[in-house]
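An overview of the molecular structure
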Amino acid sequence: MKLKMFILLLFTAVCFAGPDMTKSVVMIQIVKQPYDYATPWKQTSISQGVGSGFIIEGNRILTNAHNISDSRFIIVKKENFAKKYPATVEFAGHDCDLAILKIADETFFDGMQPLAIGGLPEVNRTVETYGFPMGGTHISVTKGIVSRIQTDMYAHSGADGHLVVQTDAAINPGNSGGPVILDGNVVGVAFQGIRQADNIGYMIPTTIINHFLLDVNDGRYDGFGSLGVSIFEGLHNESYKEYLNLPADTEGVVVTAVTLNSSAENVLRRNDCITQIDNYALDNDGMIVIYGQKYSLSEAVEAKQIGETVDVVFWRDGKKQTGQLTIQLNRPVFEFARLYDARPPYVCFAGLTFVSANRNFLETWGREWMKDIPHILRYLMSESQTLNTDKLRKEYVVLSEILPDQINLYDGDFLNKPLESINDQPVRSLEDVRKAFRNKDCEFFIVKFISSDIPLLLDAKQAHQQNDAILKKYNVPSWTYPEEQL
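The text that follows walks through the structure, step by step, so that each part is easy to find. The written sequence of each chain sets the order in which its residues are numbered from 1. Given that the model is predicted, a residue must reach a pLDDT of at least 70 before its local features are reported, and side-chain atom pairs must reach 80 or more before they are shown or counted; all residues, however, enter totals for whole chains, interfaces and linings. In computing side-chain values, all of the structure's heavy atoms are included and hydrogens and water are not.

Regarding the overall build of the protein chain
- Secondary structure assignment for the protein chain yields nine helices and 30 strands.
- Against the 2.2 N^0.38 benchmark of 23 Å for 486 residues, the protein chain shows a C-alpha radius of gyration of 25 Å, consistent with a compact globule.
- By its C-alpha atoms, the protein chain is 75 × 70 × 40 Å across when sized along the principal axes.
- Buried means the residue's accessible area, taken with a 1.4 Å probe over protein chains only, is under 20% of the maximum for its type, while exposed means over 50%, and partly exposed covers the values in between. Residues classed as buried in the protein chain amount to 52% of the 486 residues present.
- Taken as a whole, the protein chain presents about 22400 Å² of accessible surface, with 49% of it coming from carbon and sulfur.
- Taking the 45 positively charged and 59 negatively charged side chains of the protein chain as two groups, their mean positions are separated by 3 Å. A run of DSSP states H or I qualifies as a helix once it reaches four residues; a run of E qualifies as a strand once it reaches two. Both are numbered from the N-terminal end. Radius of gyration here uses only the C-alpha atoms, and the compact-globule reference equals 2.2 Å multiplied by the residue count raised to the power 0.38. We get accessible surface area from the Shrake-Rupley algorithm with a probe of 1.4 Å; when it comes to residues, only the shown protein chains can shield them. When charges are counted, Lys and Arg are positive and Asp and Glu negative, with His and the chain ends excluded. By convention, the point assigned to a charge is CZ for Arg, NZ for Lys, CD for Glu and CG for Asp.

Topic: the sheet that holds strand β26 (residues 419-422)
- Strand pairing is assigned whenever DSSP identifies at least 2 bridges connecting the two strands. Spatially, the four strands line up as an open sheet ordered β27-β26-β28-β29, and their pairing is antiparallel. In the strand order of this sheet, the two ends are held by β27 (425-426) and β29 (456-459), each with one partner.
- As paired elements, β26 and strand β28 (residues 444-449) share three bridges and run antiparallel to each other. Bridging from a neighbouring strand, I422 pairs with V447 of β28.

Some thoughts on the pattern of salt bridges
- Counted as salt bridges are all cases of a side-chain nitrogen of Lys or Arg within 4 Å of a carboxyl oxygen of Asp or Glu. Applying the stated criterion across every chain yields a total of 20 salt bridges.
- Here K391 makes a salt bridge to E265, at a shortest N to O gap of 2.9 Å. With K391 in the loop between α7 (375-387) and β25 (397-402) and E265 in the loop between β16 (253-258) and β17 (273-277), this residue pair connects regions lying 126 residues apart in the sequence.
- Given the relative accessible area of 44%, K391 is considered partly exposed.
- Look at E265 and you get partly exposed, because its relative accessible area is 27%.
- Ionic pairing is found between K473 and D405, a salt bridge with its closest N-O pair at 3.0 Å. One end of the pair, K473, is in helix α9 (residues 460-473); the other, D405, is in the loop between β25 and β26, and 68 residues separate them in sequence.
- Since its relative accessible area comes to 48%, K473 is described here as partly exposed.

Quick look at the side chain of R393
- Its place among the elements puts R393 in the loop between α7 and β25.
- D390 provides the closest opposite charge to the buried, salt-bridge-free R393, at an N-O distance of 4.8 Å.
- Whenever two N or O atoms come within 3.5 Å, that pair is a polar contact, provided that in protein one can donate a hydrogen and the other can accept it, and provided that, for residues adjacent in sequence, both atoms are side-chain atoms. Only 3.3 Å separates the side chain of R393 from the side chain of N388, close enough to count as a polar contact.
- For R393, the side chain forms a polar contact with the main-chain oxygen of V427, separated by 3.4 Å.
- With residues up to four places along the chain from it excluded, the contact list for R393 reads V333, N388, V427 and R428. In what follows, residue pairs with any heavy atoms lying within 4.5 Å of each other are defined as contacts.

So, the pairing of strand β11 (residues 161-167)
- Most of β11 sits out of view: six of its seven residues are buried.
- Direction of pairing for strand β10 (residues 140-153) relative to β11: antiparallel, over a ladder of seven bridges. Each bridged residue has a counterpart across the sheet, and for D152 the counterpart in β11 is H162.
- Pairing of β11 with strand β14 (residues 201-205) involves three bridges; the strand directions are antiparallel. When the bridges of β14 are listed, T167 appears paired with G201.

With respect to the nonpolar core
- Here, nonpolar core means buried Ala, Val, Leu, Ile, Met, Phe, Trp, Tyr and Cys residues that are tied together by side-chain atoms lying within 4.5 Å of each other. Counting 49 residues, the largest nonpolar core has F349, F354, L419, I422, V433 and F437 as the members making the most contacts within it.
- By size, the runner-up hydrophobic cluster in this structure holds 31 residues, among which are F91, V186, V189 and L213.

Here's the deal with unusual backbone geometry
- P482 follows Y481 through a cis peptide bond whose omega is 0°.
- As for its placement among the helices and strands, P482 is situated in the segment after β30 (480-481).
- With a phi close to 55°, D183 is a non-glycine residue in the positive phi region.
- You can see D183 is positioned in the loop between β12 (179-182) and β13 (185-194).
- By relative accessible area, D183 is classed as exposed at 63%.

Right, here's the structure in full:
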């Protein structure tokens, strides 16, 4: 998405009509400390924030994932109660920006009332959003008109698009995670706005909320899947239909690439034209009629859980065909979605630090990271889906940092380059790097990089002899994470 989304939290004046929100809406106070993805044994500075949440069935609190991501301590507070209750994250769906909190002290829920989840609101209906904007001490409410419903980017992950409901209510820091109410039922969770516009706010609709709540019923969050294809809206051009040998009245979208190891790999191929998913006919914009309106074909996929199937109708070489796809996560080998909560894995050997190439690592370049990152990483990020032809590759590994020592004095030219092999063994993951450096029988470690003719050479015996001293000198707790003996 081109618009710069920003994560904020909602609202204004105090006035109540309908349910008593003091028994359902809560304030969430969070202490955060993310990891540094260039030197992953370190954490960045501590910050504190405030968000909102509300009680749902089962003595659980629903809120935004961005409220509690990378949290170190969470407390929840009810309006008009001085006591603060420690809370823990039970589930977090960073791709859909939703999370569930649990509170060990069940007395917290005495007198509280869970809110019911409603349906998708119609455009032009008036909704009310509740929360704790800018902290405050009392719940505030803002009324707004539902002005648009469409698929859009979720700013928290920066890579996942789902349905959003737009309202004309202003968004202010503090309301994220608060309920949006229509006729006494929750019709959304307030979560983000647009920095460049006034009085535009967005909520996560109940189609997404219900998917998330159904997903976690088995005790694990699996996420939203996809078909695993890239598509092109080329059938607006009549010549393109002739090029693909399609009937003149055909409407649909053209497959331009199939993700390696994806749901579609054994069903669809490049230049197939998808015309129908389940019972939904596609138009030339890739839209289907669902929930009474036209939305992206992704809505037919997102209505399914991981492991469920969808039927597709497509044309190939002038013939109509059918197939069935199993919905999978289909994540790219170069992860473009931001990662949260888990400590990033790494290998630090002879002062050379190796990490996975992902968006978190790229964002260590700062606010203008997209412009400032080295060209090879920008190219790899944007073209990784087509560049990678290795079905065994799990990730790209990059030399992210050099802890200076005599053994690596002249290795600076290799910084931020992706690895190709070590001693002629391909590097498809950090585990391959770990395996390579465990070897104590070779004379040299010959490290080759993608798009580089010159290898990095390490004397194997000296590297093993000096490794512990280098780790101690720079306060690196372990040569690798997850930890293991070298």
